[in-house]
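# Per-entry structural report
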Amino acid sequence: MSIMCSVFVPDGIVMAADSRQTVGITSVKPAGGQPIMQPTEPRIINRLNQPGQPPTVPIFSQSDNAQKIMLLSKVKVGISACGMGILDGKNVSDYIRTFEIEELSAKDTVSSVAKKLQAYAFKFFPQVNFFVCGYDEDEPFVYTVNKEIKRSNMENGKMRYASIWSGEQAAITKLLNGQPPMLVNHVLMPLKDAIDFADFLVDLTIKSQRFEMKMATCGGDIDILVLTKDESFWYRHKVFKPAR
C-alpha cells in the first residue's frame, strides 16, 4: 500500500507520496515438484481475514525506492498512484510512462489526461487510485481518478482549496476529520506552508505505522512535486534531489 496526498492552495498544488513497495508471497506447487514461494502484485493487504473473505498473504517490503509520483513531459501534469504498485507487469512509474507515450500529445489538457488515464488503466486495474493535477490557462485542476473521475478542487461551481489523500488513510483521516478535527486554513496558506504540510501528512502516516500492530506498508523517502501557474518542479526527489 502507499500514502499519497495533494494539497491545493491559491498559489499552487503540492503532490507528495512515500516510496515503499510491498509484495505478497504465495506458495505455488508445480506438478511433481516441491512448493516454491513467488511474489504477487501488491494489493490492499491490511484487510483482516474474515469469513467469506480471501485470506491475506504474507507480505514484505520489496523496496523503499518506488516512484509513486510522475511528472509528465509532454504536458506539465503530475500523476500520483496508490493501491497496486505493479500494473501490467510494470512498476507504476513505467506504466505511466508507457501511457504517456501511447496515449498523450502536447495538445492534451489536465482534464483529457484524467479521462484517458481512466480509460487506459481501469479496464484492468480497478483497485488503483490516481491523483491527476496541473494547470490549464492558469486554472488549477485536481482530479481523483478511479472508477469515477472527480474534480476535487471544485465544489458547487466554486474553486475549493483543501487537502486530499489516499492509500493508508487512517492517520490523516483521524487528524483532519476526527473529533475534534485539526483546523487548517488552506485559503490563506502560502505555497511553502503547503509543501511543508504535504510533507507532514505523509510523514505522519509513515511514523504512526511504527506503533501499529501491523505491517508498515508506508516508508522510504517522501517525494514532493509542486505545480504552479508558471512552472512545475520537483521540490524533493529521491533520485534527482533538486536543491530547492
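The preceding data block contains the structure.
Okay, so let's go over this structure. (Residues numbered from 1 in each chain as written. Predicted model: local features only at pLDDT ≥ 70, side-chain atom pairs only at ≥ 80, totals over all residues. Heavy atoms only, no water.)

Our focus in this paragraph is the sheet that holds strand E12 (residues 149-151). With antiparallel pairing, five strands are arranged side by side in an open sheet as E6-E7-E10-E11-E12. Pairing within the sheet leaves two strands with one partner each, and these edge strands are strand E6 (69-71) and E12. Taken pair by pair, the neighbouring strands of this sheet meet at an average axis angle of 20°, ignoring direction. For strand E7 (residues 77-82) and strand E10 (residues 129-136), the ladder comprises six bridges, and the chain directions are antiparallel. Looking at the pairing, Ile-79 lines up with Val-132 of E10. Seen against the sheet, helix H1 (residues 92-103) touches E6, E7 and E10 and runs at an angle of roughly 30° to E6. Along the sheet, helix H2 (residues 110-121) contacts E7, E10, strand E11 (139-145) and E12; its crossing angle with E10, the most-contacted strand, is approximately 160°. (Pairing = 2+ DSSP bridges. Helix = DSSP H or I, 4+ residues; strand = E, 2+ residues; numbered from the N terminus. Axes fitted to C-alpha atoms, helices over the stretch in contact; angles between N-to-C directions. Contact = heavy atoms within 4.5 Å.)

Attention now goes to helix H3 (residues 170-177). Every buried residue of H3 is accounted for by Ala-171, Ile-172 and Leu-176. The buried residues of H3 occupy one face: seen down the axis, they fall within an arc of 105°. Across H3 from its buried face, at more than 90 degrees, point the exposed residues Lys-174 and Asn-177. Taken together, the buried residues of H3 touch strand E1 (3-9), strand E15 (162-167) and helix H4 (191-208). (Buried < 20%, exposed > 50% of the residue type's maximum accessible area, 1.4 Å probe, protein only. Arc of directions from axis to C-beta.)

By size, the foremost hydrophobic cluster in this structure holds 27 residues, and its most contacted members are Ile-79, Val-113, Phe-130 and Val-132. Of all elements in the fold, only E7, H1, H2, E10 and E11 reach the threshold of two or more residues within this core. For this core, the element with the most residues is H2, which contributes six residues. Listed in part, the 24 residues of the second largest apolar core include Val-9, Ala-16, Trp-165 and Cys-218. (Core = buried A, V, L, I, M, F, W, Y, C linked by side-chain atoms within 4.5 Å.)

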